[in-house]
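Chain by chain, the residues run as shown.
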Amino acid sequence: MLFEYVQQTPAVYDRKHETAYSHAQYLIAVCAVELFQPDAEKLLIDFINSSAYDNADKRMAHYHLGRYYFRQRKYKDAIESLEKVEQSSLNIEERDEYKFLLAYCYFFKKDFDKAYNLFKSIKDKTNKYYYPANYYYGYLAFTKGNYNEAIKSFDRISDSKSYQKIIPYYKSQILFK
């Protein structure tokens, strides 16, 4: 009901109403992303392009668009959107997610130096990215020949069911060098 009302409301020139209307459009787009709606990408892009002035909603729209692209495995597009995000606009949980998503995208696109630095910045945080961040950081440290760092990261995640079978392979490679 709210969606239909907002979409049918004619443009309002009063600054207060314009801001409320713009915020409603932003919330509609974010809800579409969270609910995996097929028009989520279009709604976010339309919101970003239609917002005449820079505000918190517009800055956050880039974050949500980056998350959308990440889930769609469109890593190049995710990088483009996430690089437009101002980290100061994000809370701690969002910032950690932002760094992980961007690091993974860089990793996938083989920009290993950028990925390494971002994984390094979140590998010590005990959140849902702890295990994968340590795995990718350890792997990148391993490929760089930074074996002490690799071992530390691999030891941190050796109890993870997702990684416990692969970790001994890397550790044995390091120990036999």
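Here's what I pulled together on the structure shown here.

Thresholds, definitions, all that
- Residues numbered from 1 in each chain as written.
- Predicted model: local features only at pLDDT ≥ 70, side-chain atom pairs only at ≥ 80, totals over all residues.
- Heavy atoms only, no water.
- Salt bridge = Lys/Arg side-chain N within 4 Å of Asp/Glu carboxyl O.
- Helix = DSSP H or I, 4+ residues; strand = E, 2+ residues; numbered from the N terminus.
- Buried < 20%, exposed > 50% of the residue type's maximum accessible area, 1.4 Å probe, protein only.
- Contact = heavy atoms within 4.5 Å.
- Core = buried A, V, L, I, M, F, W, Y, C linked by side-chain atoms within 4.5 Å.
- Axes fitted to C-alpha atoms, helices over the stretch in contact; angles between N-to-C directions.
- Left-handed = near helix turned anticlockwise from the far one by under 90°.
- Nonpolar A, V, L, I, M, F, W, Y, C, P; charged D, E, K, R; others polar.
- Parallel < 35°, antiparallel > 145°, perpendicular 65-115°, else oblique.
- Polar contact = N/O pair within 3.5 Å; in protein donor to acceptor, adjacent residues only side chain to side chain.

Applying the stated criterion across every chain, the model contains 13 salt bridges. When the shortest N-O distance is used, the salt bridge between Lys125 and Asp96 registers 3.2 Å. Of the two residues, Lys125 sits in the loop between helix 7 (112–122) and helix 8 (130–144) while Asp96 sits in helix 6 (residues 92–108), which places them 29 residues apart along the sequence. With a relative accessible area of 33%, Lys125 lands in the partly exposed category. What makes Asp96 buried here is its relative accessible area of 8%. Between Glu149 and Lys152 there is a salt bridge whose closest N-O contact spans 3.6 Å. In this pair, Glu149 and Lys152 both sit in helix 9 (residues 147–156), three residues apart, roughly one turn of the helix.

This part takes up helix 7. Along an α-helix, residues three or four apart share an orientation, since each turn contains 3.6 residues. Along helix 7, the residues that are buried comprise Ala115, Tyr116, Leu118, Phe119 and Ile122. Buried residues along helix 7 sit in contact with helix 6 and helix 8.

What follows deals with the environment of Tyr68. Among the structural elements, Tyr68 can be located in helix 4 (residues 56–71). You can call Tyr68 buried: its relative accessible area is 10%. Expressed as a C-alpha distance, the spacing of Tyr68 and Glu41, which sit 27 residues apart in the sequence, is 7.3 Å. Beyond its immediate stretch of four places on either side in the chain, Tyr68 contacts Val33, Ala40 and Glu41.

Structurally, Phe47 is set in helix 3 (residues 40–50). Residue classification places Phe47 among the buried positions, given a relative accessible area of 4%. As for Phe47 and Ala61, which are separated by 14 residues in sequence, their C-alpha atoms are 7.8 Å apart.

Here we take up the nonpolar core. Note on soluble globular proteins: their nonpolar side chains tend to be buried together. Grouped together as the largest cluster of nonpolar side chains are 52 residues, with contacts concentrated most on Phe100, Phe119 and Tyr135. Among the elements that take part in this core, helix 6 stands out by supplying nine residues, more than any other. When near neighbours in sequence (up to four residues on either side) are disregarded, Phe119 contacts Phe100, Ala103, Tyr104, Phe107, Ala133, Tyr136, Tyr137 and Leu140.

Here we take up the packing of helix 6 against helix 8. The interhelical angle for the contact between helix 6 and helix 8, taken along N-to-C directions, is 35 degrees, at an axis separation of 11 Å. Relative to helix 8, helix 6 is oriented so that their crossing is left-handed. Across the interface between the two elements, Phe100, Tyr104 and Phe107 from helix 6 touch Pro132, Ala133, Tyr136, Tyr139 and Leu140 from helix 8. Of the residues assigned to the contact of helix 6 with helix 8, the class counts are eight nonpolar, no polar and no charged.

Running from N to C, helix 8 and helix 10 (residues 167–175) cross one another at 25 degrees; their axes reach a closest spacing of 11 Å. By the angle class used here, helix 8 and helix 10 are roughly parallel. Pair helix 8 / helix 10 crosses with left-handed handedness. Contact residues: Tyr135, Tyr139 and Phe142 in helix 8; Ile167, Tyr170, Gln173 and Ile174 in helix 10.

With respect to the secondary-structure elements, Asn134 resides in helix 8. A distance of 3.2 Å separates the side chain of Asn134 from the side chain of Ser153, its partner in a polar contact. Residues within four places of Asn134 in sequence aside, it is in contact with Lys123, Tyr129, Ser153, Arg156 and Ile157.

So far we have only geometry, and geometry alone does not tell us how the molecule works.
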